[in-house]
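For reference, the chains in residue letters:
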Amino acid sequence: MAAVAVHQFAECITCHAWSPDQSMVAFCPNNSEVHIYKLFGEKWEKMHVLSKHDQIVCGIDWSLKSNKLVTVSHDRNSYVWSQEGTEWVPTLVILRLNRAALCVQWSPKENKFAVGSGAKSICICYYEQENNWWVSKLIRKRHESSVTNVAWHPDNILLATTSTDGKCRVFSTYIKGVDSKESESSSSDLKFGEQIAQLDLSVTWAFGVRWSPSGSILAYAGHNSMIHFIDDVKSNPSAQSIPLRDLPLRDLLFLSDRVVVGVGFDCNPMIFTADDTGLWSFTKFLDQRKAAPSSSRGSQLSEAFGKLYGTSKQVPSNDTVEPSKPRGGAHENCITCIVPLWKRGNTTLCRFSTSGLDGKVVIWELDIPK
Amino acid sequence: MANTIRLYLTCIRNTLEAAMCLQNFPCQEVERHNKPEVELNTSPGLIMNPVLICRNEAEKCLIETSINSIRISMKVKQADELENILAKKFLRFLSMRAEAFQVLRRKPVQGYDISFLITNYHCEEMHKHKLIDFIVQFMEDIDKEISELKLSVNTRGRLVATEFLKQFI
């Protein structure tokens, strides 16, 4: 019930994604490149470096069935990479954005992907077979600020987005020709870009939206250290908001319809569970922290400050102010990204990986009671 | 007297723990740019309410935070004219060398003596709790420094005057 593996890949990792067989991991080490590492036995070896972007790559998603990598960057571009032999070949996707792209996700059927951007719009891109390229359709209305996260509903048509205006919105992304065979009667508004719902639960910026595996529950986190759960968004929404004890969350993951993992500025994943009546509550932190003794040394920076000033200052024993306790635990800095790791044949998810600003990718494993 | 400073600094530390939750955020106004939103001040939706922590009328600390940056401005205790001059000169000395400190702002915010600007890049390179330790330690040390300076100015003045007047004995 804890961290199974910890790998230090770089100084700082923006986002990461796993290959379908989980032998390779692609991540962005806080620059304009994407590094792909492969596990050989016990060691990780750098296999490929994808460097087509000009600015930091902020979103990576690896499709599980078609083995394609999509990357988006602050330079307003997006590339779809497909592996041909030993090389990764990029295909530029014209997103028609005039601001940075912030997040990307493949749809469940992997025929579309959604990009959220700082241009207050979302791009839905799909592949056009006749012209052999990716076409993007924009949803420009509605958002009043940058779109921070996007999440696809399992039906491949509904898309939930969170934005820095604090609202979570659900749109329909039905595209004739791509979705025509899968149009379900449950989504009545089939027009592209139609807003199904707008949720005003959070007063501050919203991040980390996710649908539950069955698609009946929507969850997202607000920067005021709250997490919101909404049941049955389409017809009869009912919401629960849970305040957190500590710092806000950045990303969420549904392990099942009743268990959610949240990661954020606490550097420690949090588990939320729903009981039989559907009431959500915080269960525990995942990482067991060792109770660290409060050291009397001040920070290294304050020593440097003393040296800069010239006097040989002994850092005082700090009986006036308590220094912050050093943290134990797998992550040392904010966790920004959480990715599921499905076991072949399993229907329930019990493994996932997190990456953070400390440059580590940590794999966690949980036993989930049925 | 010693107790109030501990409360003041603990309050500032707790506020900074909550406020220093920064993330990389590209500019919404200008494409391909990444600016500290607290300095830019154009999108009210991206800036949080500023928090002012006052110890008394003379000492206070303003913490303004946004999605990717935080600005901490402080006003240092200046009891008399001499401390006024010493504080001004000392803090100007530090501000001019802001490059070396990385988190220091070259000019203090209007109405304050010194300002720090911490961006998400600083939080990525350095540990957040160490940054907070630095700021709080700085605040604690500033008072001591200025008292020491004042003492040494007075001592030196006394010495110089004694030596000078000896020739008239």
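Residues numbered from 1 in each chain as written. Chains lettered and ligands numbered in written order. Predicted model: local features only at pLDDT ≥ 70, side-chain atom pairs only at ≥ 80, totals over all residues. Heavy atoms only, no water.

By the naming in an unreviewed UniProt entry, chain B is Actin-related protein 2/3 complex subunit 4, taken from Rhynchospora pubera. According to the UniProt record, the Sequence similarities (unreviewed entry) comment for chain B is "Belongs to the ARPC4 family." (UniProt positions renumbered as here; feature names shortened; annotations may be inferred.)

Per an unreviewed UniProt entry, chain A goes by the name Actin-related protein 2/3 complex subunit and belongs to Rhynchospora pubera. You can read under Subcellular location (unreviewed entry) in the UniProt record for chain A the words "Cytoplasm, Cytoskeleton". Regarding chain A, the relevant UniProt record gives this comment under Sequence similarities (unreviewed entry): "Belongs to the WD repeat ARPC1 family."

**Student:** Hey, could you go over the interface of chain B and chain A for me, with residue numbers and the actual values?
**Tutor:** Listed by partner, the interface residues are 45 residues for chain B and 44 residues for chain A. Counting the surface lost from both chain B and chain A, the interface buries some 3900 Å², and carbon and sulfur atoms represent 57% of this. Contact with chain A buries area across many residues of chain B, yet Gln28, Arg32 and Glu124 of chain B alone supply 17% of it, more than any other trio. Remark: the boundary between chain B and chain A carries one salt bridge. For arginine 76 of chain A, the salt bridge identified is with glutamate 31 of chain B, shortest N-O distance 3.2 Å. On the surface where chain B and chain A come into contact, there are nine residue pairs in polar contact (both at pLDDT 80 or more). Secondary-structure elements contributing two or more residues to the side of chain B that touches chain A are helix H1 (2-19), helix H3 (81-96), helix H4 (98-101), helix H5 (120-125) and helix H6 (128-166) of chain B. (Contact = heavy atoms within 4.5 Å. Buried area = accessible area lost by both parts, 1.4 Å probe. Salt bridge = Lys/Arg side-chain N within 4 Å of Asp/Glu carboxyl O. Polar contact = N/O pair within 3.5 Å; in protein donor to acceptor, adjacent residues only side chain to side chain. Helix = DSSP H or I, 4+ residues; strand = E, 2+ residues; numbered from the N terminus.)

**Student:** Any details on the nonpolar core? Residues and values, ideally.
**Tutor:** Considering soluble globular proteins, one finds that nonpolar side chains tend to be buried as a cluster. In this structure, Leu16, Met20, Ile70, Ile72, Phe116 and Ile118 of chain B are the most contacted members of the largest nonpolar core, which totals 37 residues. With nine residues, H6 of chain B is the single largest residue contributor to this core. (Core = buried A, V, L, I, M, F, W, Y, C linked by side-chain atoms within 4.5 Å. Buried < 20%, exposed > 50% of the residue type's maximum accessible area, 1.4 Å probe, protein only.)

**Student:** Before we move on, can you summarise the pairing of strand E5 (residues 43-50) of chain A with the specific residues and values?
**Tutor:** All names here are of chain A. The pairing of strand E4 (residues 34-40) with E5 spans seven bridges and is classified as antiparallel. Residue leucine 39 lies in a different strand from E5, and its bridge partner there is tryptophan 44. Taken together, E4 and the strand that follows it, E5, pair antiparallel across an intervening segment of two residues, in which glycine 41 is found at a positive phi of about 70°. (Pairing = 2+ DSSP bridges.)

**Student:** Run through the sheet that holds strand E12 (residues 122-128) of chain A, naming residues and quoting values.
**Tutor:** Within a beta sheet, neighbouring strands are joined by backbone hydrogen bonds and run either parallel or antiparallel to one another. Residue and element names in this part refer to chain A. Strands sit in the order E10-E11-E12-E13 across an open sheet of four strands; the sheet is antiparallel. Two strands lie at the open edges of the sheet, namely strand E10 (101-106) and strand E13 (133-139), each paired on one side alone. Put simply, the sheet's adjacent strands are angled 25° from each other on average, direction ignored. Of the strand pairs in this sheet, strand E11 (residues 112-117) and E12 are connected by five bridges, and their pairing is antiparallel. Residue pairing for E12: alanine 114 is matched across the bridge by isoleucine 124. (Axes fitted to C-alpha atoms, helices over the stretch in contact; angles between N-to-C directions.)

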